[in-house]
Amino acid sequence: MIQLRACVVIFTVILPFLITADNPCRFVSKEKGTIDISSLARKDGKAAFPDETPSVVANYVYSYNPCKPFSEGDKCKDVAVCQVSKDKTLTFVLAKQDSAKWDAGAGLGTNPSISYKFDDKEVFVELQCTDSMTAEFLALGEQPIKTYKFKLSHKCACWNGCKSSSDGLPGGAIFIIILLVLAVVYFAGFAVYNKVHHHRTGADIIPHRTFWVSLPTYAKGGVTYIISRATGKPVEKYESI
């Protein structure tokens, strides 16, 4: 039972992180098409747009690398956006790639954007569609406090402007692969443990076999219980796991 609880805890902790973040490189909209900015990223751990000076007077410059993490200074390690003092003595993490969220834009005349979060800071990168294959990155400054705005202009910022990159997998595919790997490790690991430590044979080496055999019954009971509560019908006796 302790082993089963440990597995449940691991899945509960890991899965939310696997499914909440968007793919920072690529966004697909059923209505508008695809935006792929992976070709704009440096893949050597450095920022594609280093030390950009904001359009308003400020004591800081900003570095950004689309899609891939980069490092700069003492504190900005594997980040998406870094804030650097002009004398290069201070660095602050503003965003990481695993917090990326895409926004397709509300309507005509509204550009798509990517937002990032780190602690109490939020970053917005507006994507401006142009015909140019030369990227332009503007730091618009901090307004309001702890909210940082930027604009990235390029042909790849257009819907279907650039072909999709083949060097990465969609977030959903990555999630399924990780889930399958965890399942294989779980079943194989506990099967070996039951075989070697408990000297079990046949179907008895299946980890937590009683639980998995009973799972369909538990699932049916859970669905029945939810439907009963939602429809206001008398709730049948619910057997907990």
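Residues numbered from 1 in each chain as written. Predicted model: local features only at pLDDT ≥ 70, side-chain atom pairs only at ≥ 80, totals over all residues. Heavy atoms only, no water.

The name that an unreviewed UniProt entry assigns to the protein chain is Autophagy-related protein 27, with the source organism given as Adineta steineri. Within the UniProt record for the protein chain, the comment given under Subcellular location (unreviewed entry) is "Preautophagosomal structure membrane". (UniProt positions renumbered as here; feature names shortened; annotations may be inferred.)

Student: Just checking my understanding: could you explain the nonpolar core for this structure?
Tutor: As a rule of thumb, soluble globular proteins bury nonpolar side chains together. One finds Y64, Y116, V123 and F150 to be the most contacted residues of the largest nonpolar core, which totals 27 residues. Of all the secondary-structure elements, those providing two or more residues to this core are strand 4 (60–64), strand 8 (91–95), strand 10 (113–118), strand 11 (121–129), strand 12 (136–142) and strand 13 (147–154). With near-sequence residues (within four places) excluded, Y64 lies in contact with A47, A48, F49, F70, A80, V81, I114, Y116, V125, F137 and L152. In this structure, A47, V61, C76 and V93 belong to the second largest nonpolar core, which totals 8 residues. (Core = buried A, V, L, I, M, F, W, Y, C linked by side-chain atoms within 4.5 Å. Buried < 20%, exposed > 50% of the residue type's maximum accessible area, 1.4 Å probe, protein only. Helix = DSSP H or I, 4+ residues; strand = E, 2+ residues; numbered from the N terminus. Contact = heavy atoms within 4.5 Å.)

Student: When you look at the packing of aromatic side chains in this model, what are you seeing that I'm missing?
Tutor: Aromatic ring pairs are described here by two measures, namely the spacing of the ring centres and the angle between the planes. Applying the stated rule across the entire model yields 10 aromatic pairs. When the centroid spacing of 5.3 Å and the interplanar angle of 70 degrees are considered together, the rings of Y186 and F190 count as edge-to-face. Residue Y186 and its partner F190 are both found in helix 2 (residues 171–196); the two are separated by 4 residues, about one turn of the helix. The same class applies to Y186 as to F190, namely buried. (Phe/Tyr/Trp six-rings, centres within 6.5 Å; stacked < 30°, edge-to-face > 60°.)

Student: How should I be thinking about the pairing of strand 11 in this particular structure?
Tutor: Regular strands have side chains that alternate between both faces of the sheet. The pairing of strand 10 with strand 11 spans 6 bridges and is classified as antiparallel. Residue pairing for strand 11: S113 is matched across the bridge by E126. (Pairing = 2+ DSSP bridges.)

Student: Help me understand unusual backbone geometry in this model?
Tutor: Among all residues save glycine, negative phi is the norm, and among peptide bonds the norm is trans. With an omega dihedral of -5 degrees, the bond running from Q143 to P144 counts as a cis peptide bond. The backbone of D119 shows a phi angle near 55 degrees, a positive value even though the residue is not glycine. Among the secondary structure elements, D119 is positioned in the loop between strand 10 and strand 11. Notably, K146 is not glycine yet its phi reads approximately 65 degrees, a positive angle. Of note, K146 is situated in the loop between strand 12 and strand 13.

Student: I would appreciate a short explanation of the side chain of N194 in the present structure.
Tutor: Its place among the elements puts N194 in helix 2. Assessed through its relative accessible area of 4%, N194 is described here as buried. Beyond its immediate sequence surroundings of up to four residues, N194 is in contact with H199, R200, D204, I205, I206 and P207.

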